[in-house]
Amino acid sequence: GFKCGIVGLPNVGKSTLFNALTKTAAAQAANYPFCTIEPNTGEVAVPDPRLDKIAEFAGSANIVPTRITFVDIAGLVRGASKGEGLGNQFLANIREVDAVVHVLRCFEDGDVTHVDGRIDPVTDAETVETELMLADLESLERRIVALRKKAQVGDKEAKAVLPVMEGALALLQDGKPARLLDVAKDDEAAFKALNLLTSKPVLYVCNVDEESAGTGNALSAKVEEMAASQGAAAVVISAAIEAEIAQLSADEQAEFLETIGLEEPGLDRLIRAGYDLLHLITFFTAGPKEARAWTVYRGAKAPQAAGVIHSDFERGFIRAQTIAFDDFVACGGEQGAKTAGKARDEGKEYVTQDGDVMLFKFNT
Ligand code: GDP
């Protein structure tokens, strides 16, 4: 599955957010650094109103949303790259995720200690990013010596990887994250294999006070400005409010959201932003038994999509009956779409589109 790691300085609201996300009490929120010691992992459903529509037209007994995983990663502090705090563990955990959700404290609260004694989310972001860059720098400097030697004696693989590594190293030495490297299409795999902390896509979460949940505040505006300048995304959320919402029943939620002037829980926006950040799309399968959403990388071909369901489907792939979501709905379901000629037979080279309703034909 796809994993997002929640990171940030201590006391910015990571555990609160994670708890709200996963509705578990497992990751305990507490007002002191290092409360979250083990990485806590939770799966969340990706909210998608299209799935309910599909289930309605297909008369499905069950609805199964697609899911992504969030990992609450233990508190990072200044000096983590040198092993301070939970440094090494933090870095190991972050290596395993596909994307980083970076929580920034944008709320004032005299009762909650800030590790540096002041509320300044942009500087906080720099503190965390600096630790990640230092860790990457050290890791590359260590690895590149051997690689240069290998390349010198003509090792093909080393020669292929070296330019990417040199490029990333130069950037980091210049104080910039590896994600800013201009990577050629052919080098993408090699770059990914370096598994650098600062090469992962970042989503900033501005954790604002309850009053600013709908609007954001001056601090979150600064973060949004910073994110825009980096080509990164930012979402405004009040973790405290989300934690409250998560405990309500569906009816109570709707009422509560209305009173505070929100259209949907901030978590829904966050989950969808995480999904976009990972360049993921959704396709559907629909029948009387269940309507189900599945996740693939944007650009995945039909057999790869089939493989998400079962490896046999990919191996024996013949073709995929494909109906675009809009056609599926406009025609009142599969039969109607077939009659209207909107059910396409797609082959091995078909690139799966977001919202496709698919039925795979395969050899066993
Ligand atoms: P972590 O160390 O980043 O995981 O932070 P926690 O989630 O444990 O939160 C630290 C403290 O800040 C706790 O006492 C939370 O109740 C409090 N907190 C978290 N989010 C908010 C918020 O949006 N507003 C206020 N006022 N307090 C918050």
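About the cut-offs
- Residues numbered from 1 in each chain as written.
- Predicted model: local features only at pLDDT ≥ 70, side-chain atom pairs only at ≥ 80, totals over all residues.
- Helix = DSSP H or I, 4+ residues; strand = E, 2+ residues; numbered from the N terminus.
- Expected span 1.5 Å × (residues − 1).
- Buried ≥ 20, exposed ≤ 12 C-beta atoms within 10 Å, placed from the backbone.
- UniProt positions renumbered as here; feature names shortened; annotations may be inferred.
- Axes fitted to C-alpha atoms, helices over the stretch in contact; angles between N-to-C directions.
- Parallel < 35°, antiparallel > 145°, perpendicular 65-115°, else oblique.
- Left-handed = near helix turned anticlockwise from the far one by under 90°.
- Contact = placed C-beta atoms within 7 Å.
- Nonpolar A, V, L, I, M, F, W, Y, C, P; charged D, E, K, R; others polar.
- Pairing = 2+ DSSP bridges.

Chemist: Explain helix α4 (residues 121-152) here, please?
Modeler: Residues lying three or four places apart along an α-helix face the same way, a consequence of the helix completing one turn every 3.6 residues. The end-to-end C-alpha distance of α4, which contains 32 residues, comes to 45 Å, matching closely the 46 Å that a straight helix rising 1.5 Å per residue would cover. Burial in α4 covers these residues: Pro121, Asp124, Ala125, Val128, Glu131, Leu132, Met133, Ala135, Asp136, Leu137, Leu140 and Ala151. At the exit of α4 stands glycine 154, carrying a positive phi of roughly 90°.

Chemist: Sorry if this is basic, but what is going on with the UniProt feature "binding site: ATP" (unreviewed entry) in the protein chain here?
Modeler: Taking the numbering used here, the UniProt-annotated feature "binding site: ATP" (unreviewed entry) corresponds to Asn11, Val12, Gly13, Lys14, Ser15 and Thr16. Along the chain, lysine 14 falls in helix α1 (residues 14-22). Overall, the presence of 30 C-beta atoms within 10 Å leaves lysine 14 in the buried class. Along the chain, serine 15 turns up in helix α1.

Chemist: Explanation requested: the packing of α1 against helix α8 (residues 239-246) in the structure shown.
Modeler: When two helices pack together, their arrangement is given by the angle between their axes and by how far apart the axes lie. With their axes 8 Å apart at the nearest point, α1 and α8 run at an angle of 25° to one another. Looking at the two axes, α1 sits roughly parallel to α8. The hand of the α1/α8 crossing is left-handed. The residues of α8 that touch α1, namely those facing Thr16, Leu17, Asn19 and Ala20, are Ala239, Ala240, Glu242, Ala243 and Ala246.

Chemist: Would you mind showing me how to read the packing of α4 against helix α7 (residues 218-230) here?
Modeler: Where α4 contacts α7, the two axes come as close as 8 Å, and the packing angle between them is 45°. Classified by the angle their axes make, α4 and α7 are oblique. Counting all contacts with α4, which are made through Pro121, Val122 and Ala125, the residues of α7 involved are Leu219, Lys222, Val223 and Met226. Counted by class, the contact of α4 with α7 contains six nonpolar, no polar and one charged residues.

Chemist: Is there a simple way to explain the sheet that holds strand β1 (residues 3-7) in this structure?
Modeler: Within a sheet, adjacent strands bond to each other through the backbone by hydrogen bonds, running parallel or antiparallel. Sheet architecture is open: six strands sit in the order β2-β4-β1-β5-β6-β7, paired in mixed fashion. Two strands close off the open sheet at either side, each with one partner strand: β2 (40-45) and β7 (233-237). The average angle at which neighbouring strand axes cross in this sheet is 25°, direction not considered. For strand β5 (residues 99-106) and strand β6 (residues 202-208), the ladder comprises seven bridges, and the chain directions are parallel. Opposite histidine 102, over in β6, you have tyrosine 204 as the bridge partner. Contacting β1, β5 and β6, α4 runs over the sheet at an angle of about 145° to β5.

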